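# Notes for the structure review
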Amino acid sequence: MSDITLSRRSLLLTTSALLASTAMPTLLLAEEAKPGGRLIVAADSEPKNLNPAIVASNGVFFIASKVIEPLAEASFDDENGLSPRLATSWEGSPDGLSVTFKLREGVTWHDGKPFTSADVAFSALNIWKPLQNLGRVVFKDLEDVETPDDHTAIFKFSTPTPFQLIRNALPPLTSVVPKHLYEGTDIAANPANSAPVGTGPYKFAEHKAGEYYRLEKNANYWDKDKPYLDEIIYRVLPDRAAAAGALEAEEIQLAAFSAVPLADLDRISKVPGIVVVSKGYEALTYQLVVEINHRRKELADLKVRQAIAHAIDKEFVVKTIFLGYAKPSTGPVPQNDPQFYTDDVPTYPFDVAKANALLDEAGYPKAADGKRFSLKLLPAPYFNETRQFGDYLRQALAAVGIDAELVNNDAAAHIKAVYTDHAFDIAVGPPVYRGDPAISTTILVQSGTPDGVPFSNQGGYSNPELDAVISKAAETIDESARTELYRTFQKLVATDLPLINVAEWGFITVARDSVKNVSNNPRWAVSNWSDTWLEP
Amino acid sequence: MPVLRRFLGTAEGIAGGAILLAIAITAVLASVLFPGDPLAIVAEPMLQPFQHQDAILGTDRLGRDVLAELVHGARTSLLVGLAAAFAAIAVGATVGTIAGFAGGLVDEALMRVTEAFQTVPGFLLALALVSVVGPSLPVVVTAIAASAWTQPARIARAEVLSIRERDYVASARAIGMHPAEIAFREVLPNALPPVLTLASVIVANAILIEAALSFLGLGDPNIVTWGGMIAEGRVVLRGAPYLSIFPGLALVATVLGVYLTGEGVVEALASGRSR
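Residues numbered from 1 in each chain as written. Chains lettered and ligands numbered in written order. Predicted model: local features only at pLDDT ≥ 70, side-chain atom pairs only at ≥ 80, totals over all residues. Heavy atoms only, no water.

Take the overall build of chain B next. Of regular secondary structure, chain B possesses 13 helices and 0 strands. The order of helices and strands in chain B, counted from the N terminus, is α-α-α-α-α-α-α-α-α-α-α-α-α. Structurally, chain B occupies a C-alpha span of about 75 × 45 × 30 Å along its principal axes. In chain B, which comprises 275 residues, the proportion classed as buried is 47%. (Helix = DSSP H or I, 4+ residues; strand = E, 2+ residues; numbered from the N terminus. Buried < 20%, exposed > 50% of the residue type's maximum accessible area, 1.4 Å probe, protein only.)

Residues and elements named next belong to chain A. Considering all chains together, one arrives at 34 salt bridges over all chains under this definition. With a shortest N-O distance of 3.7 Å, K297 and E298 are connected by a salt bridge. When its relative accessible area of 58% is taken as the criterion, K297 is described as exposed. Residue classification places E298 among the buried positions, given a relative accessible area of 9%. (Salt bridge = Lys/Arg side-chain N within 4 Å of Asp/Glu carboxyl O.)

Next up on the list: empty space enclosed by the protein. Over the atoms rolls a probe the size of a water molecule, and its path tells where empty space is left. All names here are of chain A. Within the structure shown, the criterion is met by 6 cavities of 30 Å³ or more. The wall of the largest cavity is formed by 14 residues, among which E291, L444, N457, Q458 and G459 lie closest to the centre. Here the residues of the lining of the largest cavity sort into 8 nonpolar, 5 polar and 1 charged. (1 Å grid on protein atoms, 1.4 Å probe; cavity = no way out; pocket = protein on both sides within 12 Å on 5 of 7 lines; lining within 4 Å. Points joined across faces, edges and corners; volume = space filled by probe spheres on them. Nonpolar A, V, L, I, M, F, W, Y, C, P; charged D, E, K, R; others polar.)

Before going further, it helps to examine the domain arrangement of chain A. Residues and elements named next belong to chain A. Considered domain by domain, chain A is made up of domain 1 (8-67 + 200-280 + 508-534), domain 2 (72-182) and domain 3 (285-505). If you average the C-alpha positions of domain 2 and of domain 3, the two centres end up 33 Å apart. Taken together, the contacts link 16 residues of domain 2 with 16 residues of domain 3. For the pair domain 2 and domain 3, the summed buried surface comes to about 1200 Å²; carbon and sulfur atoms form 56% of the total. Looking only at domain 2, the three residues that lose the most surface to domain 3 are P162, Q164 and N168, adding up to 43% of its buried area. Summed over the shared surface of domain 2 and domain 3, the result is 1 salt bridge. R167 is the partner of E479 in a salt bridge, and the nearest nitrogen-oxygen pair spans 3.1 Å. Only α4 (135-138) and α5 (163-173) provide two or more residues apiece to the side of domain 2 that touches domain 3. When residues in the side of domain 2 that touches domain 3 are grouped by element, the largest group, 7 residues, is from α5. When its residues are assigned to classes, the side of domain 2 that touches domain 3 shows 10 nonpolar, 4 polar and 2 charged. (Domains from an automatic or database assignment. Contact = heavy atoms within 4.5 Å. Buried area = accessible area lost by both parts, 1.4 Å probe.)

Okay, unusual backbone geometry next. All names here are of chain A. The omega torsion across K226 and P227 is -5°, close enough to zero to call that bond cis. Mapped onto the secondary structure, P227 falls in the loop between β9 (212-217) and β10 (231-236). Look at N80: it is not a glycine, yet its phi comes out positive at around 55°. Checked against the element boundaries, N80 lands in the loop between β2 (72-74) and β3 (82-84). A positive phi angle is found at L323, which is not glycine, with a value near 50°. Looking at the element boundaries, L323 is found in the loop between α10 (314-321) and β14 (327-328).

How big an interface is tends to be stated in terms of accessible area lost as the parts join. On the side of chain A, 23 residues touch chain B, which itself brings 18 residues to the contact. Interface of chain B and chain A: buried area, both sides summed, is about 1900 Å²; carbon and sulfur atoms make up 50% of it. With a closest N to O distance of 3.6 Å, B:D37 and A:R394 form a salt bridge. Here chain B is connected to chain A by 5 residue pairs in polar contact (both at pLDDT 80 or more). (Polar contact = N/O pair within 3.5 Å; in protein donor to acceptor, adjacent residues only side chain to side chain.)

With that out of the way, let us pick up the nonpolar core. Grouped together as the largest cluster of nonpolar side chains are 162 residues, with contacts concentrated most on A:L71, A:F101, A:F155, A:Y234, A:I312, A:F389 and A:W529. Counting residues in hydrophobic clusters, the runner-up holds 37 residues, among them B:A85, B:V195, B:M229 and B:A240. (Core = buried A, V, L, I, M, F, W, Y, C linked by side-chain atoms within 4.5 Å.)

This next bit is on the packing of aromatic side chains. All names here are of chain A. On inspection of all chains with the given rule, the structure shows 31 aromatic pairs over all chains. Between the aromatic rings of Y364 and F373, the centroid separation amounts to 5.3 Å while the plane-to-plane angle is 70°, which identifies the pairing as edge-to-face. Of the two residues examined, Y364 and F373, each falls in the buried class. For K66, the ring lying beneath its charged end belongs to W529, and the centroid distance is 4.0 Å. Directly above the aromatic system of W222 lies the positively charged group of R104, at a separation of 3.7 Å from the ring centroid. (Phe/Tyr/Trp six-rings, centres within 6.5 Å; stacked < 30°, edge-to-face > 60°. Lys NZ or Arg CZ within 6 Å of the ring centre and 35° of its normal.)

Attention now goes to the side chain of B:T10. All names here are of chain B. Within the secondary structure, T10 is located in the loop between α1 (2-9) and α2 (11-28). Its relative accessible area of 9% is what places T10 among the buried residues. Apart from the residues within four sequence positions on either side, T10 is in contact with G264 and E267.

Residue and element names in this part refer to chain A. An order of β4-β5-β7-β6 is seen for the 4 strands of this open sheet, with the pairing classed as antiparallel. Sheet topology places β4 (87-92) and β6 (142-149) at the edges, where each strand pairs with a single neighbour. Strand-to-strand, the axes of this sheet are offset by a mean angle of 20°, without reference to chain direction. In terms of strand pairing, strand β5 (residues 98-103) meets strand β7 (residues 152-157) through 5 bridges, oriented antiparallel. Residue pairing in the sheet places V99 in a bridge with F155 of β7. Its contacts with the sheet place helix α3 (residues 117-128) against β5, β6 and β7, and it is angled at close to 170° to β6. The strands touched by α5 within the sheet are β4, β5 and β7, with β4 carrying the most contacts at an inclination of about 160°. (Pairing = 2+ DSSP bridges. Axes fitted to C-alpha atoms, helices over the stretch in contact; angles between N-to-C directions.)

Residue and element names in this part refer to chain A. Residues with a pLDDT of 70 or more make up 94% of chain A, whose mean pLDDT is 89. Taking the mean pLDDT of every element in chain A, the minimum, 45, falls on helix α1 (residues 2-28) and the maximum, 97, on helix α9 (residues 302-311). The model gives residues 1-29 a pLDDT under 50, and that stretch makes 22 contacts with residues more than four places away or in other chains. (pLDDT = per-residue confidence, 0-100.)

All names here are of chain B. A surface patch of nonpolar side chains, about 580 Å² in accessible area, is lined by L21, I25, V28, L29, V32 and L33. Elements supplying a minimum of two residues to the nonpolar patch: α2 and α3 (30-33). Examining the composition of the nonpolar patch, we find that 3 residues originate from one element, α2, more than from any other. Residue placement: V28 occurs in helix α2. What makes V28 exposed here is its relative accessible area of 61%. (Patch = residues over 30% accessible without salt bridge, like charges linked within 9 Å, V, L, I, M, F, W, Y side chains within 5 Å. Areas by Shrake-Rupley, 256 points an atom, 1.4 Å probe, with all protein chains shown as cover.)

Moving on to the pairing of strand β19 (residues 499-505) of chain A. Remember that side chains alternate between the two faces of the sheet whenever the strand is regular. All names here are of chain A. Among the 7 residues in β19, 7 count as buried, and that is most of the element. Sheet topology note: the strand β13 (residues 285-292)/β19 ladder contains 6 bridges and is antiparallel. In the strand pairing of β19, E291 is matched with L499. Where β14 and β19 come together, 2 bridges link them in antiparallel fashion. Across the sheet, residue K327 finds its bridge partner in β19, namely E504.

This is the structure in structure tokens:
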């Protein structure tokens, strides 16, 4: 035991030292960026549709965010955590019915046509609102986008829409695509979805299926002198064990999104020339959640859900499954969200005796074989960690007399089983928190979502009080009142446990130390990398 | 038991038999040696092997006893191997006997079906079946048997073709026995021995296919399998190779044991015939 703690501590020390060493150059400007070079990074998935305006997911952003830009990007230092991209300023009206964006001048698309407010209006009304997975929620009341001139776009809403929400949604939801290529076509089948044309610092060059994507420098980028790199190559490396080897062999220079398995980080952090960075994913926090099917009569009982919460040793999960690269959760908003998080919620410390007592109280005594009842447990297959947590949860439940049978599925079958067929009792899911509970968090517990919507409440849970808070917050313009409502929301979720939040984690980037300006914003891996440069 | 004596007279027979016997005893006694769920978390995670009394072979990433997993995994492997071989030979011998004995259109039809199965690589067929139906032990056994029955079918048919022309079959026909009765009571028992020599190959193959399926995450997640252990250990291969090496060695020993036993049987039968 003692040697394990020691090695973890030393690992954390090295990590923070490395963090400091990567952060220092940018702070002190001690090193001048040198242009040129080719950055080779590992890509673990290979999306065909590279249109982030339609598919706002990290796999798409990882590549497409260098080509297609949003109105604003997340930032560590700027006001409200946003730095301007295609918009230079944004202002909400006091009634919550309109938002005015001033757009950047002198921006051209990669095909030479000028970027104007018409492109923003087209993207918003024809793609974000009707087609985008997340935009459907945030922009559902968007009625019109007025374009009084080429560089002003005024978003008009039919019902008051909180400006705070629109602001928080700018980085992930507002990728602008060229109107002249999409207008009058079948947007979902447009060839520009697989060979995107944008305004970003890099132009899409080619995609060789199964091998690589290639992006090249956009010499006419609006931010003069940028980007520094000549080329970015995404080498398709679906095998996670291969990424570490490729980094050591200097075949690639960067592996983001924890492409190097957590278990390998301790070892690779000691390899000279390689740095392990856990910063740069603050705005993409993943949450480890136990999804519950409330149609099962045992699980509809709050005492049973409380017992399950008490049966899970969050510290063990963080220490053993995430090897320390995660935090135990208290509720549906992660602790790294400075705007909304509150720790003033009921907590469920690890306590097997209490869990057993609650189950006895609920009227499910242990039978002669030590079992109270059986459950079907479906761990999501997307991450090693979700699968491992499934293995752990089965054992944790066995300790309190609940017999959980694991059912393994591939990604498509898992989504169908849980979100369409409801063929689960408990499931392990990794939803993403995107900087505002209204974007993708409230949908996990709100009632009334039709069957088949992935990553939503499909457990049959319905709580009128919680629903009322969620819909009130969705139309509350005043920011402090809205924040307060989301604190109530956290409290209600932690009290009634429609689902159980276990842990929250960000990803890890592993890079050669020759790559500079790594992880300098909270969405770094999915930002535009215009200031990234390579030491020759 | 002259065959058994001859079997034990061969070096392969002795070695293979000893290995298999040891593994079989381990598998049978698994619940006595390590009672309870072998997947239970019993100690600190990632204990190195040969350093702790409670977990002699160390623990895995969640703190499960590797030795307990290994012992219970033997049970799964042998069970899958034997069940799949039994099912494959039963189906194969039946199909082969019917085809060979009936002849004509039935023969043509059954053999074309057999060939159709043979054109698909066995592992891919199993993979497809398990991913469609869902991973559980019976499905895995069925999937392996579905890809392994063709060889017994062809050999059984070849044997039957020669046996059905023998005099005792003709006499059985003459006394008016039902053709099905002749096929399964007179012909099949005599066609079986050469088919049975395939058993060792099928068992060994089945164990490997099951391990490969588990390695790919298509095994039954509620029981321990060696393939599943290797897959889990692979993530930490550089830091804790023992997690993959131990189940790997167990797999090698079992397959080798089955194979050597098979060789011993074949040799014993052959020397019996030549005498």
